[in-house]
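So the chains spell out like this:
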Amino acid sequence: MLSDDDTPLASQPDRTALNSKHSRSAPNGNGNGRVHDSANRTPMSEDDDDVPLSQTTHAKSEPLTPDVRLLKRKKPTHDVSSSSDDDDNRPLASSPPKHRKSAAVHMLNGSQATTSSANTVNGNGKRKSAQSNADRGSNDAPLGSQIASTSKAKAKAKATKKRKVKKEESDGDLGSEDDKPIVKKPPPKKKRKAVEESDDEKESATKPAANRASKKVKEEDGGTNAGTPQSKKRGKARKEEEEEGNQGRSKSKKEEEEEEEVYKWWERNGEQEVTGDGTQKWTTLEHSGVIFPPPYEPLPSNVKMKYNGKPVDLPPAAEEVAGFFGAMLETEQAKDETFNKNFFGDWLKVLKKHPPRDGTKIADFERCDFRPMWEYFEDEKAKKKALSTVEKKELKKKKDETEAKFTTCLLDGRKEKVGNFKVEPPGLFRGREPGFDLPVPMQLRVRPEDITINIGENVPVPVPNVTGKWKTIIHDNTVTWLATWVENINQNHKYVFLAPGSSLKGQSDMSKFEKARELKDHVERVRQDYMADLKNKVMGLRQRATAMYFIDVLALRAGNEKGEDEADTVGCCSLRCEHVTLEPPNFVAFDFLGKDSIRYYNRVTVLPQVFKNIRLFKEGKNDEDDLFDRVNPSSLNKHLQSYMKGLSAKVFRTYNASTTFQRQLDEGTPEKGTIQEKLNHYNHANRMVAILCNHQRAVPKTHEQSMSKMKDKLRGFKYERMKLRHGLFNIDPKYKKQKKYADDESDLDDDAIIEHEDAMKTMQIEKAEKKFSKDGEKLEADGEKPQDKSVLKDKIKEIEEEFKRLKKERGTGKATFKRERPAEKLEEAIEKLNEKIKAFKLQMVDREAGKEVALGTSKINYLDPRITAAWCKKHGVPIEKIFSKALLTKFPWAMEVEDEWKF
């Protein structure tokens, strides 16, 4: 019934449980990042708006144990330590056939689950043979193998052409079998005839029917007379079209060659993965360095900041810094007293070296008026936005040409993409927390003299695109960065690496997830040891065990020491007494700033012994004292190394995230659900991981607006369905008696219909005006006369007439259409709309559920992409609906797993 569709869809049971158990009680932080986007910001860090809300609050007093991965946010359906789930109890499949060996170092027993016995492989108890893979159809083959076979065929075709072997053309088949007979090339005359026919088809597809008929008559009358001027004209046009076709074919060949150059490092034999162990990572490396932002251009003479209401003539250096503040005048940071104080202090230092040329003495921030600058910058933005499509494309083309040589490098003789090759422009730094007291809020301009370049020996040294010389040139093949410098805000090192989809980064990613999978063979032993040490008489060992408990169960970061000028962010080992509050009998509340100043607030129940330990560690200490004063990340990681080579607290975080994600997907994916229902469950599983890893964010400012638009779109679907129903009633009134068509849409009253039709009318008129303007720009760019304004007027008149007709149909219960449609087509259209409405309502539920959680960070950093690839194959979900183009480029090695692959 329609009424069923019109009622709001309930959240899934597990999501309801999640929301009811974990109310957000702590205040929100402020999600402010830098004034400008950084090309050099760590690519995989949390989004700028991933600001903490309060974490989960546990209503139950049941203590958390290492076996409960979901931290009681959702009650597990089985005990992890004694799971009977066949998928978890079986070792993972070995690598696919030999030609696809992993680049990573083989980890002994790395495929076995730590809490299970060793059974057969690949999750279904059967080992897939190479023969079974060979028997698969081409559509079932892995993406990489399809590309490889396509590239091979194209390369063969190219070689055939070079040898001038003449073959008969047939439906694009370039002859994959060498024993095919060689047939002479058809005579040129026939080829020309084919071209003529192709041209006719092209023109017939684009020209009006009258023109095609006219052309046909002309060709019948004199098309065979090659000596006529008309024939020569057509021949010239045909020649130009052939040249255009050749250009297109050349472009296609270029794309084919680039496709052939794809380096499938994950299919290599016997090579180690990239690690940070000081081993050689490359043999030759050649690149163009980094691209610097253009030098500062002074503002027009009529644009000046004011002091005491009078314009100030600033030299370029001082004007540039003033412009930093002017550009952000309407932001939250510009209203923050501490931020303004820090800016003004730095600006005064610049003014001391570069004083105003008119002698103005600037001493009071309150008397400064930066609005003229802000207005100028806003006008420039508006002008740029108002550029025509042709002008925007031309600007983009110039920009791409300028950056082209910086986007790639030659690594061991093959072309690889470079990641963050742009140096950040100068500007004002703003922390995530308003009022964050940074002594240096201004990011200075980086110059070549600040940058160290890493290239291979005996290759040309790149030339900077601005005046200056590099600080140092080195040839270190044990590291993977191309350039580095120290930024002035926190004195952190910035690095230029290869792009996420490069071979070095891909090998590093794969190695990270393989290391986490290997932990499955050791995690039970680690847990048994630290659970035993919770009662150890040696205080240092007891503190280490308690810290490991939190790292394992709460997925906390280990934490590192921070400099005096850095944000007060902490991890597990650097927690202070003030960050942890005890609430008898066994509640512990955490409240601190984590990585990237994301607030972590979580009130959890813990084991009685853990509660006792925390109380013991806090005795006799002040709030600012360290909770774990006998443990640090280095000693903790050194201890973990005794269990497994390369094991660290960070590996635990990746392991817990991926195992939680795998289990969530296995437990609740609806086998017979729609694509949208499966996507909703995937996002729910991702949210569980995001909550575990504290990937929270403030509700986006545009969330309410976004939800409102979605409601309007849903109402549009229902309006369309109503019109189709009324169309059925117009054909045959008997349809009114059928239950599935009888009920009206619940939220479409007369006012809603009027509002929707008015909005549709406005939108269609705006669309017509935009199309008229765009067509005019295109004609003008081609040197043709723009359309007369009467064309637009006629279109608008036609739209208005259509909505007058709709107005007359209101309240009649009947509808007509511009084109008659039989009842069967209308019934089919209604069924499709019902499915669309159902899927769209699921999207709305998913959007609302994820408003306070950032899903991107876990998807990029902590979830093994092979879990997603295998899940998509198994459940028939297009991976493009989950992974963006950037992620598909980043994880090509993960796309070839079988559908039964498990973490």
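Residues numbered from 1 in each chain as written. Predicted model: local features only at pLDDT ≥ 70, side-chain atom pairs only at ≥ 80, totals over all residues. Heavy atoms only, no water.

**Here's the deal with the sheet that holds strand E4 (residues 368–369)**
Taken together, the three strands give an open sheet; going across it, the order is E3-E2-E4, and neighbouring strands pair in antiparallel fashion. Across the chains shown, the open sheet's two edge strands, defined by having one partner strand only, are strand E3 (310–311) and E4. Pairing analysis gives two bridges linking strand E2 (residues 306–307) to E4, with the strands arranged antiparallel. By the bridge assignment for E4, lysine 306 is matched with aspartate 369. (Pairing = 2+ DSSP bridges. Helix = DSSP H or I, 4+ residues; strand = E, 2+ residues; numbered from the N terminus.)

**Re the pairing of strand E12 (residues 493–496)**
Alternating residues of E12 divide into Lys494 and Val496, all buried, and His493 and Tyr495, none buried. Here strand E11 (residues 483–486) pairs with E12 via four bridges, running antiparallel. Considered in E12, the bridge of threonine 484 is made with tyrosine 495. Where E11 folds back on E12, the antiparallel hairpin that results is connected by six residues, among which glutamine 491 adopts a positive phi of roughly 60°. (Buried < 20%, exposed > 50% of the residue type's maximum accessible area, 1.4 Å probe, protein only.)

**Digging into the UniProt feature "active site" (unreviewed entry) in the protein**
The UniProt record marks Tyr862 with the feature "active site" (unreviewed entry), using the residue numbering of this structure. Its place among the elements puts tyrosine 862 in the loop between helix H25 (856–861) and helix H26 (865–875). Overall, the relative accessible area of 7% leaves tyrosine 862 in the buried class. Aside from chain neighbours lying at most four places away, what touches tyrosine 862 is Phe513, Arg557, Arg653, Thr654, Ala657, Ser658, His695 and Thr857. (UniProt positions renumbered as here; feature names shortened; annotations may be inferred. Contact = heavy atoms within 4.5 Å.)

**Here's the deal with the packing of aromatic side chains**
In the structure shown here, the tally under the stated rule is 27 aromatic pairs. Centre to centre, the rings of tryptophan 265 and tryptophan 266 are 5.4 Å apart; their planes meet at 90°, and the pair counts as edge-to-face. Neither tryptophan 265 nor tryptophan 266 differs from the other in exposure class; each is buried. By way of ring pairs, the aromatic residues Phe325, Phe343, Phe344, Trp347, Phe365 and Phe370 are connected into one cluster. (Phe/Tyr/Trp six-rings, centres within 6.5 Å; stacked < 30°, edge-to-face > 60°.)

**Examining the packing of helix H9 (residues 316–327) against helix H11 (residues 371–385)**
Axis separation between H9 and H11 bottoms out at 8 Å; the angle between their running directions is 75°. As far as their axial angle goes, H11 and H9 are roughly perpendicular. When H9 is examined against H11, the residues Glu319, Ala322, Gly323, Gly326 and Ala327 are found in contact with a partner set consisting of Met373, Trp374 and Phe377. Considered class by class, the residues forming the contact of H9 with H11 number five nonpolar, two polar and one charged. (Axes fitted to C-alpha atoms, helices over the stretch in contact; angles between N-to-C directions. Parallel < 35°, antiparallel > 145°, perpendicular 65-115°, else oblique. Nonpolar A, V, L, I, M, F, W, Y, C, P; charged D, E, K, R; others polar.)

**Quick look at the sheet that holds strand E15 (residues 599–605)**
Within a sheet, adjacent strands bond to each other through the backbone by hydrogen bonds, running parallel or antiparallel. Taken in spatial order, the three strands make up an open sheet running E13-E14-E15, and their pairing is antiparallel. Two strands in the sheet have a free side with no partner beyond their single neighbour: strand E13 (580–583) and E15. Looking at each pair of strands side by side, their axes are set apart by 10° on average, direction ignored. Where strand E14 (residues 587–593) and E15 come together, seven bridges link them in antiparallel fashion. Note that in E15 the partner of phenylalanine 587 across the bridge is threonine 605. Sheet contacts for helix H16 (residues 608–618): E13 and E14; angle to E13, the most-contacted strand, approximately 125°.

**Observations concerning unusual backbone geometry**
Residue proline 585 is bonded to the preceding proline 584 through a cis peptide linkage, with omega at 10°. With respect to the helices and strands, the residue proline 585 is situated in the loop between E13 and E14. A positive phi angle is found at aspartate 412, which is not glycine, with a value near 55°. Structurally, aspartate 412 is set in the loop between strand E5 (408–411) and strand E6 (414–417). On the basis of relative accessible area, aspartate 412 is assigned to the partly exposed category, the value being 32%. Of note in this structure, asparagine 458 is not a glycine but carries a positive phi near 60°. In this fold, asparagine 458 is placed in the loop between strand E9 (452–454) and strand E10 (472–474). Of the residues examined, asparagine 458 reaches a relative accessible area of 82% and is grouped as exposed.

**A look at the environment of alanine 685**
Summarising the element assignment, alanine 685 is placed in helix H19 (residues 675–692). A relative accessible area of 0% places alanine 685 in the buried class. Taking C-alpha positions, alanine 685 is 5.7 Å from phenylalanine 661, a pair spaced 24 residues apart along the chain. Excluding its chain neighbours within four sequence positions, the residues that come into contact with alanine 685 are Phe661, Gln664 and Leu665.

**Thoughts on H26**
In terms of burial, H26 is largely enclosed, as nine of its 11 residues are buried. All buried positions along H26 are accounted for by Pro865, Arg866, Ile867, Thr868, Ala869, Ala870, Trp871, Cys872 and His875. In this structure, the buried residues of H26 make contact with helix H13 (503–518), helix H18 (649–668) and H19. The first or second residue beyond H26 is glycine 876, which carries a positive phi of 65°.

**A closer look at the nonpolar core**
Within the largest apolar cluster, 76 residues are counted, with the highest numbers of intra-cluster contacts made by Phe550, Phe590 and Phe628. Setting aside residues no more than four positions away along its own chain, phenylalanine 628 makes contact with Gln543, Thr546, Ala547, Phe550, Cys572, Cys573, Leu575, Ile614 and Phe617. Core analysis: the second largest hydrophobic core is formed by 28 residues, Met305, Tyr307, Ala322 and Phe324 among them. (Core = buried A, V, L, I, M, F, W, Y, C linked by side-chain atoms within 4.5 Å.)

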